[in-house]
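So the chains spell out like this:
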Amino acid sequence: MGTESHAHFTRLGESTSEESVRGASEATPTCASFVLEPFAVADYLVVPYKWDVGSPSKNDIILEACAAHPERFTLPMTRDDFRATVAYHATDPDNLGQEVWHGGSLVGIFLWDRIVPRVDARWHFVFFDGQLVGKAELLREALRRAFAALQLQRITLEAPAN
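Since the structure is predicted, the reported quantities are computational estimates derived from the model, not experimental observations. (Residues numbered from 1 in each chain as written. Predicted model: local features only at pLDDT ≥ 70, side-chain atom pairs only at ≥ 80, totals over all residues. Heavy atoms only, no water.)

J.: If you had to explain the nonpolar core to someone new, which residues and values would you point to?
T.: For soluble globular proteins, nonpolar side chains are generally found buried alongside one another. Counting residues in each nonpolar core, the largest one holds 23 residues, and the members touching the most others are Val100, Phe110, Trp112, Trp123, Leu138 and Ile155. Setting aside chain neighbours within four positions, we find tryptophan 123 in contact with Phe110, Leu111, Trp112, Leu139, Ala142, Leu143, Ile155, Thr156 and Leu157. Core analysis: the second largest hydrophobic core is formed by 14 residues, Val86, Ile109, Val126 and Phe128 among them. (Core = buried A, V, L, I, M, F, W, Y, C linked by side-chain atoms within 4.5 Å. Buried < 20%, exposed > 50% of the residue type's maximum accessible area, 1.4 Å probe, protein only. Contact = heavy atoms within 4.5 Å.)

Written out as structure tokens, the structure is:
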């Protein structure tokens with residue numbers, strides 16, 4: 001069984017000491033009070049993911065693309081387990097999802113979970129072509145917007161060891 005790598009992105013010049021995290025959690029709004037607005041970068045369009053809006057085929061595209069790459073998950077699962085896990089997290093009202101479109105095709109998804117507004121959120125992203133080349137500006141803009149909208153001090157990424 002592999003280990004996970006964790007990466008944390010912190011706003012420059014801001015403290016993440018225990019005091020700042022403890023102070024940030026006071027009167028923390030709920031995740032439901034935040035919305036990640038649509039945005040475009042180059043030829044990419046990022047819009048909020050809503051499983052029940054738009055063509056139902058987009059959900060199958062997302063589930064199949066994720067299940068096709070078990071190496072992207074930290075636990076061994078069956079294909080049906082992958083689909084169920086992705087569906088659960090994508091539709092969990094405590095999470096925020098974003099669809100990534102390019103030229104009229106759904107090409108990826110961003111998912112924000114374990115959201116503690118004003119403190120931290122975990123970010124998952126998948127591009128169905130498996131390529132990050134040419135997407136750095138898009139990823140930076142998604143991070144910038146999440147920091148601002150959720151008033152975060154830190155964003156956490158987990159990467160499977162395989």
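J.: Can you lay out the pairing of strand 4 (residues 96-102) for me, pointing to particular residues and giving the numbers?
T.: Of all the seven residues making up strand 4, five are buried; the element is thus mostly covered by neighbouring parts of the structure. Here strand 3 (residues 44-48) pairs with strand 4 via five bridges, running antiparallel. Among the inter-strand pairings, valine 46 is bridged to a residue of strand 4, identified as valine 100. One ladder, built from seven bridges, connects strand 4 with strand 5 (residues 105-116); its direction is antiparallel. Following the sheet pairing, histidine 102 is matched in strand 5 by serine 105. Counted along the chain from strand 4 to the antiparallel partner strand 5, the turn is two residues long, and its residue glycine 103 has a positive phi close to 55 degrees. (Helix = DSSP H or I, 4+ residues; strand = E, 2+ residues; numbered from the N terminus. Pairing = 2+ DSSP bridges.)

J.: Break down the environment of leucine 157 for me, with residues and values.
T.: As for its placement among the helices and strands, leucine 157 is situated in strand 7 (residues 154-160). For leucine 157, a relative accessible area of 18% gives the class buried. Leucine 157 sits 35 residues away from arginine 122 along the chain, and the two C-alpha atoms are 5.7 Å apart.

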